Amino acid sequence: MLPVNHFELKKGELYAEEVPLARIAQQVGTPAYVYSAATLERHLRVLREAFGSERRLICYSVKANSNLSLLDMFARAGSGFDIVSGGELQRVLKAGGSPQKVVFAGVGKTRDEMAAALKAGILMFNVESAEELKALDEVGQQLGVRAPYALRVNPDVDAKTHRHISTSKASKFGVPFKEAVALYTEARAWRGVKAVGLDFHIGSQLTSLAPVRQALGRVAKLFSELQQAGFGLTHLDVGGGIGIRYKDENTPSLQQWAKAVLEPLKGLDATLVLEPGRVIVGNAAVLMTKVLYRKKQFVICDAGMNDLIRPALYEAFHEIAPVKNAARGEEDGRCGGAHL
Ligand SMILES: *Cc1c(COP(=O)(O)O)cnc(C)c1O
């Protein structure tokens, strides 16, 4: 059974919501990605309900899937966006996303990208190093504005996820925890930047919340200290990274994530920013492909690794299921691997 929601097996035939996948293949051809809008809307709604609406900003992480129709749907639902490039900014704006709900993350922002985001009027830049902050300050001064920023600190917890998607201290991500106060302090005198927040993100496909709690403990304390020291921080960004089920993983529910995040933040005077990606889109779609040839032990189909790169990239697992197969004798029933 596929770990996707709103996909259902009826009489040996796979349906996306009420539509047989075979009919979609007939109409649009293969390969084709098929998304369940009902699933996407539901995930957004469950997230909102779990975290409440007071001083919350859910910024969908665009790198999880930057399809324009998806972005359009999220924008209409009032979602914010977490971007990592100027191209993603263009897509968000084209889809009607509000720049005031955009956070710009990522270790490799160019000056041109910074300028474009500043002109668009985004909420804040999540800055990953002292060098980057210096560059942002120069761009801000050139444009005669103060760029709102949060430092992304590296709380150095073991996220216990795949080594290719973890963000430990040895990785390229974040400002070392101990250096954050000094950098905020130094940048106080700079005229092209303005500190507005604090940010962390410890990795992706997290299946345990313990590292999140551990990181939050440290970051919440730092946030308070910075506020007391007179930095006018208003936004605490806790990143994303919640894992989903591909096979048999035990993943935290969104309610559990909310509890783990909200409890340590009690009493803190901050707007909470979240950057979920995978948990919104990962279990909402399938890639439909057609078998063309058989060759030795291989089944050759019309989709390649460019269409679904994760297995080839780091041996990630993706379930394969026939669109029509009564012969396999699989029971009818709902698919679904997520916890939602
Ligand atoms: C990738 C990424 C996210 C989203 O991660 P998911 O695992 O898709 O939830 C959020 N914030 C940052 C900084 C990221 O790099």
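Model, not experiment: these values are computed from the prediction.

**Student:** Can you break down the overall build of the protein residue by residue, with the values?
**Tutor:** In terms of regular secondary structure, the protein is built from 11 helices and 17 strands. The C-alpha radius of gyration computed for the protein amounts to 21 Å, which stays within 12% of the reference 20 Å derived for 340 residues, consistent with globular compactness. For the protein, the proportion of its 340 residues judged to be buried stands at 49%. Expressed as a percentage of contacts within the protein between residues at least 6 apart in sequence, the contacts between residues at least 24 apart total 68%.

**Student:** Give a description of the site of the ligand that names residues and reports values.
**Tutor:** Looking at the ligand, there are 13 residues lining it, with Lys-63, Ser-204, Gly-241, Glu-275 and Arg-278 nearest. The side chain of Ser-204 places a nitrogen or oxygen atom 2.4 Å from an oxygen atom of the ligand. Between Arg-278 and the ligand, the recorded distance is 2.8 Å, taken from a backbone N or O atom to an oxygen atom. A per-class count over the shell around the ligand returns 2 nonpolar, 6 polar and 5 charged.

**Student:** Any details on the nonpolar core? Residues and values, ideally.
**Tutor:** Membership of the largest hydrophobic core comes to 80 residues, with the highest contact counts inside it found for Phe-74, Phe-125, Tyr-149, Leu-198 and Trp-257. The greatest single-element share of this core, amounting to 8 residues, is contributed by helix 8 (residues 210-228). Non-local contacts of Leu-198, meaning those with residues more than four positions away in its chain, are made with Ala-150, Leu-151, Val-153, Tyr-184, Val-219, Leu-222, Phe-223, Leu-226, Leu-233, His-235, Leu-236 and Asp-237. Counting 10 residues, the second largest nonpolar core, distinct from the first, contains Leu-2, Ala-16, Leu-21 and Val-34.

**Student:** Which residues make up the packing of aromatic side chains, and what are the values?
**Tutor:** This structure, assessed with the given rule, holds 6 aromatic pairs. Judged by centre distance (4.5 Å) and plane angle (55 degrees), the rings of Tyr-60 and Phe-74 are tilted. Highlighted residues: Tyr-60 in strand 5 (residues 56-61) and Phe-74 in helix 3 (residues 68-76), separated in sequence by 14 residues. Classification of Tyr-60 as buried rests on a relative accessible area of 0%. With relative accessibility at 0%, the residue Phe-74 sits in the buried group. Between Tyr-184 and Phe-231, the ring centres sit 5.8 Å apart and the planes meet at 50 degrees, which makes this aromatic pair tilted. Residue Tyr-184 is found in helix 7 (residues 180-187), and its partner Phe-231 is found in the loop between helix 8 and strand 12 (235-237); the two are separated by 47 residues along the sequence. Each member of the pair, Tyr-184 together with Phe-231, is buried. Put simply, the rings of Tyr-149, Tyr-184 and Phe-231 touch in pairs and so form one group of aromatic residues.

**Student:** Break down the domain arrangement of the protein for me, with residues and values.
**Tutor:** Domain assignment breaks the protein into domain 1 (7-35 + 284-334) and domain 2 (37-281). Relative to domain 2, the C-alpha centre of domain 1 lies at a distance of 33 Å. Taken over both partners, the interface formed by domain 1 and domain 2 buries close to 990 Å², and the fraction arising from carbon and sulfur atoms is 57%. It is Tyr-35, Ala-284 and Tyr-314 that lose the most area in domain 1 upon contact with domain 2, and together they represent 58% of the buried surface on that side. Taken together, domain 1 and domain 2 are joined by 0 salt bridges. The interface formed by domain 1 and domain 2 includes 4 residue pairs in polar contact (both at pLDDT 80 or more). For the side of domain 1 that touches domain 2, the residue count by class is 5 nonpolar, 1 polar and 2 charged.

**Student:** I'd like a description of the environment of Gly-241, backed by residues and values.
**Tutor:** One can find Gly-241 in the loop between strand 12 and helix 9 (254-262). A relative accessible area of 9% places Gly-241 in the buried class. Gly-241 sits 57 residues away from Tyr-184 along the chain, and the two C-alpha atoms are 26 Å apart. Contact partners of Gly-241, with chain neighbours within four places excluded, come to His-201, Gly-203, Ser-204, Gln-205 and Leu-206.

**Student:** Tell me about the pairing of strand 16 (residues 298-301), residues and numbers included.
**Tutor:** In terms of strand pairing, strand 15 (residues 291-295) meets strand 16 through 4 bridges, oriented antiparallel. Each bridged residue has a counterpart across the sheet, and for Val-291 the counterpart in strand 16 is Cys-301. Between strand 15 and strand 16, which pair antiparallel and follow one another directly, the connecting turn spans 2 residues, one of which, Lys-296, has a positive phi of 45 degrees.

**Student:** Give me the side chain of Glu-113: which residues, what numbers.
**Tutor:** Mapped onto the fold, Glu-113 is located in helix 5 (residues 111-120). The side chain of Glu-113 is buried and forms no salt bridge, while Lys-109, the nearest opposite charge, is found at 8.4 Å. Reaching out from Glu-113, the side chain makes a polar contact with the backbone nitrogen of Thr-110 at a distance of 2.9 Å. The contacts of Glu-113, once residues within four sequence positions are left out, are Ser-85, Gly-86, Phe-104 and Gly-108.

**Student:** Run through the packing of helix 2 (residues 37-51) against helix 9, naming residues and quoting values.
**Tutor:** Running from amino to carboxyl end, helix 2 crosses helix 9 at an angle of 35 degrees, the nearest separation of the two axes being 9 Å. Between helix 2 and helix 9 the crossing geometry is right-handed. Contacts between helix 2 and helix 9 involve His-43, Val-46, Leu-47, Ala-50 and Phe-51 on the former and, on the latter, Leu-254, Gln-255, Trp-257, Ala-258, Val-261 and Leu-262.

Thresholds applied
- Residues numbered from 1 in each chain as written.
- Predicted model: local features only at pLDDT ≥ 70, side-chain atom pairs only at ≥ 80, totals over all residues.
- Heavy atoms only, no water.
- Helix = DSSP H or I, 4+ residues; strand = E, 2+ residues; numbered from the N terminus.
- Rg over C-alpha atoms; globule rule 2.2 N^0.38 Å.
- Buried < 20%, exposed > 50% of the residue type's maximum accessible area, 1.4 Å probe, protein only.
- Contact = heavy atoms within 4.5 Å.
- Near = heavy atom within 4 Å.
- Polar contact = N/O pair within 3.5 Å; in protein donor to acceptor, adjacent residues only side chain to side chain.
- Nonpolar A, V, L, I, M, F, W, Y, C, P; charged D, E, K, R; others polar.
- Core = buried A, V, L, I, M, F, W, Y, C linked by side-chain atoms within 4.5 Å.
- Phe/Tyr/Trp six-rings, centres within 6.5 Å; stacked < 30°, edge-to-face > 60°.
- Domains from an automatic or database assignment.
- Buried area = accessible area lost by both parts, 1.4 Å probe.
- Salt bridge = Lys/Arg side-chain N within 4 Å of Asp/Glu carboxyl O.
- Pairing = 2+ DSSP bridges.
- Lys, Arg positive; Asp, Glu negative; His and termini not counted.
- Axes fitted to C-alpha atoms, helices over the stretch in contact; angles between N-to-C directions.
- Left-handed = near helix turned anticlockwise from the far one by under 90°.

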